[in-house]
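These are the residues of each chain, in order.
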Amino acid sequence: MSLEATNRIEIGNMRGHADAAQGSYAKNYYTRSRREIRPLLPSRASRILEVGPGAGFTLMWLKSIYPAATTFGVELNQALEADLQEHADVAMIGDIDDLISRVGSKFDLILLLDVLEHVPDPTRTLQAITRSLLMDGGRVIVSVPNIAHLSVTLPLLFRRRFAYADSGILDRTHLKFFVEDSAVELLNDSDLVVKDGLITGIEGPKSKLLDSLTLGVLSHHLAKQYIMAGEATGGSVAQPKINWKKNRLIS
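In this text the structure is predicted, and so the values were computed from the model without any measurement.

Colleague: How should the overall build of the chain be read in this particular structure?
Modeller: Summing up its helical and strand segments, the chain has 10 helices and eight strands in all. Relative to its full complement of 251 residues, the chain shows a buried share of 49%. In the chain, the proportion of contacts linking residues at least 24 apart, taken out of those at least 6 apart, comes to 72%.

Right under this line is the structure:
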């Protein structure tokens, strides 16, 4: 993907893979259901918006949890429109910044999963969405990759190098990188307080063993993603310490 194309990536592009329409990886990427967010979901939701839903499988799963809810998906990749229409109550194709005024009334649950690392100004984007579309008492769930993961830091430390890839933490379409503090700051700067947090990447046997042997000291070096549930502060509110949950491969 050219630099010019990369710079045009906007919110809703599901990690910016405009050239990933072929092969099994693209199919798995766009049809994945993000069930690991289950511990962060609110007890009730009536209107759900996902920005960058791909083919809409996460929205379809959420419909099974909140049968009476209306689900909206805003996706940039036009090739996914037919699938999204099948899996969401309302499917909109385009840039969320251009569609905010067309979405209609507000939402009590908004998802931005693996989206904000692809935009030039994640704080501005998140602020625009939450201030325009989040109901009072609503919840926003955001996921971002953790650049402090051992797969990145060890090669930097011992070999003084890193390499971009087609997917993962060093996805070549990522414009921004995060660690724990900057991930939380992203929500705080968008007038959100992080109520609950989940780290992923410690599901495999090797990672679990290393995490256990180090008594959790390396948890944030084993975390591939931070997934955060934020709620509007309504003013200046200090961020309390987050008790990060560890993903347990929820089916």
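Colleague: Sorry if this is basic, but what is going on with the packing of aromatic side chains here?
Modeller: How two aromatic rings sit relative to each other is set out by the distance from centre to centre and by the angle between their planes. Within this structure, the stated rule accounts for three aromatic pairs. Aromatic pair phenylalanine 162 and tyrosine 164: ring centres 5.5 Å apart, planes at 80°, arrangement edge-to-face. Taking relative accessible area as the criterion, phenylalanine 162 reaches 47% and is therefore assigned partly exposed.

Colleague: Looking at this model, I keep getting lost on the sheet that holds strand E6 (residues 192-200). Mind explaining?
Modeller: The pairing of strands in a sheet happens through backbone hydrogen bonds and is either parallel or antiparallel. Read from one edge to the other, the open sheet built from eight strands follows the order E3-E2-E1-E4-E5-E7-E6-E8, with strand pairing classed as mixed. The open sheet has two edge strands, strand E3 (90-93) and strand E8 (245-246), and neither has a second partner. Across five bridges, the pairing between strand E1 (residues 47-51) and strand E2 (residues 70-75) is parallel. Paired with isoleucine 48 across the strands is threonine 71, a residue of E2.

Colleague: Please clarify how the environment of isoleucine 227 should be interpreted in this entry.
Modeller: Positionally, isoleucine 227 belongs in strand E7 (residues 225-232). C-alpha separation for the pair isoleucine 227 and valine 142, spaced 85 residues apart in sequence, amounts to 5.6 Å. When sequence neighbours within four positions are dropped, the list of residues in contact with isoleucine 227 reads Arg34, Glu36, Ile37, Leu40, Ile141, Val142, Ser143, Asp196, Gly197, Leu198, Thr200 and Trp244.

Colleague: Got a minute to help me understand the confidence of the model for the chain in this structure?
Modeller: Low-pLDDT stretches of the model should not have their predicted coordinates read in fine detail. On average, residues of the chain carry a pLDDT of 85, and 86% of them reach 70 or more. Considering each helix and strand of the chain separately, the mean pLDDT is smallest for helix H1 (residues 3-7), with a value of 37, and largest for strand E4 (residues 107-113), with 97. Per-residue pLDDT stays below 50 along residues 1-26; that stretch engages in 65 contacts with residues further than four places along the chain or on separate chains.

Colleague: For this particular structure, what's the right way to read the pattern of salt bridges?
Modeller: Where side chains of opposite charge bring their charged atoms close, a pairing between them can arise. For the coordinates displayed, the defined rule picks out 10 salt bridges. Lysine 246 is the salt-bridge partner of aspartate 211, the closest N and O atoms lying 2.6 Å from each other. Of this pair, aspartate 211 sits in helix H9 (residues 205-213) while lysine 246 sits in strand E8; the two residues are 35 residues apart in sequence, bridging distant segments of the chain. Overlapping salt bridges bring together Arg32, Arg34, Glu36 and Asp114 as one network.

Colleague: I would appreciate a short explanation of the nonpolar core in the present structure.
Modeller: Nonpolar side chains in soluble globular proteins generally cluster together in the buried interior. With 38 residues, the main nonpolar core has Ile110, Leu112, Leu126, Leu133, Val142 and Met228 as its most contacted residues. Filtering out sequence-adjacent residues up to four positions away, leucine 133 remains in contact with Leu49, Ile96, Ile100, Val103, Gly104, Lys106, Phe107 and Ile110. Grouped together as the second largest cluster of nonpolar side chains are 19 residues, Leu62, Ala88, Leu109 and Ile141 included.

Colleague: Help me understand unusual backbone geometry in this model?
Modeller: With the exception of glycine, the majority of residues adopt a negative phi angle, and the majority of peptide bonds are in the trans configuration. A positive phi is found at aspartate 114, a non-glycine position, where the angle reads about 60°. Mapped onto the elements, aspartate 114 comes out in the loop between E4 and helix H6 (122-133). One non-glycine residue, arginine 160, lies in positive phi territory at about 55°. By the element assignment, arginine 160 lies in the loop between helix H7 (150-159) and helix H8 (180-188).

Colleague: Is there a simple way to think about the side chain of glutamate 50 in this case?
Modeller: As for its position among the elements, glutamate 50 is in strand E1. Among buried Asp, Glu, Lys and Arg side chains, glutamate 50 stands out as unpaired, with arginine 34 the closest opposite charge at 6.6 Å. With sequence-adjacent residues up to four places away left out, glutamate 50 is seen in contact with Thr58, Leu59, Phe72, Gly73, Val74, Leu111 and Leu113.

Colleague: Explanation requested: helix H5 (residues 96-103) in the structure shown.
Modeller: Note: α-helices contain 3.6 residues per turn, so residues at a spacing of three or four share the same orientation. Looking only at H5, the buried set comprises Ile96, Leu99, Ile100 and Val103. Projected down its long axis, H5 carries its buried residues within an arc of 135°, all on one side. H5 presents Asp98, Ser101 and Arg102 as exposed residues on the side facing more than 90 degrees away from its buried surface. Looking at the buried side of H5, the elements it contacts are E1, E2, E3, E4 and H6. Once H5 ends, the next one or two residues include glycine 104, with phi positive near 100°.

Colleague: Is there a simple way to think about the pairing of E4 in this case?
Modeller: The side chains of a regular strand alternate between both faces of the sheet. Burial within E4 is extensive, with seven of its seven residues counted as buried. Examined bridge by bridge, E1 and E4 share four bridges and lie parallel to one another. Paired with valine 51 across the strands is leucine 112, a residue of E4. Sheet topology note: the E4/strand E5 (residues 134-145) ladder contains six bridges and is parallel. Following the sheet pairing, leucine 112 is matched in E5 by valine 142. Once the chain exits E4 it traverses H6 before rejoining the sheet at E5, and the crossover so formed is right-handed.

Rules behind the numbers
Residues numbered from 1 in each chain as written. Predicted model: local features only at pLDDT ≥ 70, side-chain atom pairs only at ≥ 80, totals over all residues. Heavy atoms only, no water. Helix = DSSP H or I, 4+ residues; strand = E, 2+ residues; numbered from the N terminus. Buried < 20%, exposed > 50% of the residue type's maximum accessible area, 1.4 Å probe, protein only. Contact = heavy atoms within 4.5 Å. Phe/Tyr/Trp six-rings, centres within 6.5 Å; stacked < 30°, edge-to-face > 60°. Pairing = 2+ DSSP bridges. pLDDT = per-residue confidence, 0-100. Salt bridge = Lys/Arg side-chain N within 4 Å of Asp/Glu carboxyl O. Core = buried A, V, L, I, M, F, W, Y, C linked by side-chain atoms within 4.5 Å. Lys, Arg positive; Asp, Glu negative; His and termini not counted. Arc of directions from axis to C-beta. Right-handed = clockwise from strand over helix to strand, strands pointing away.

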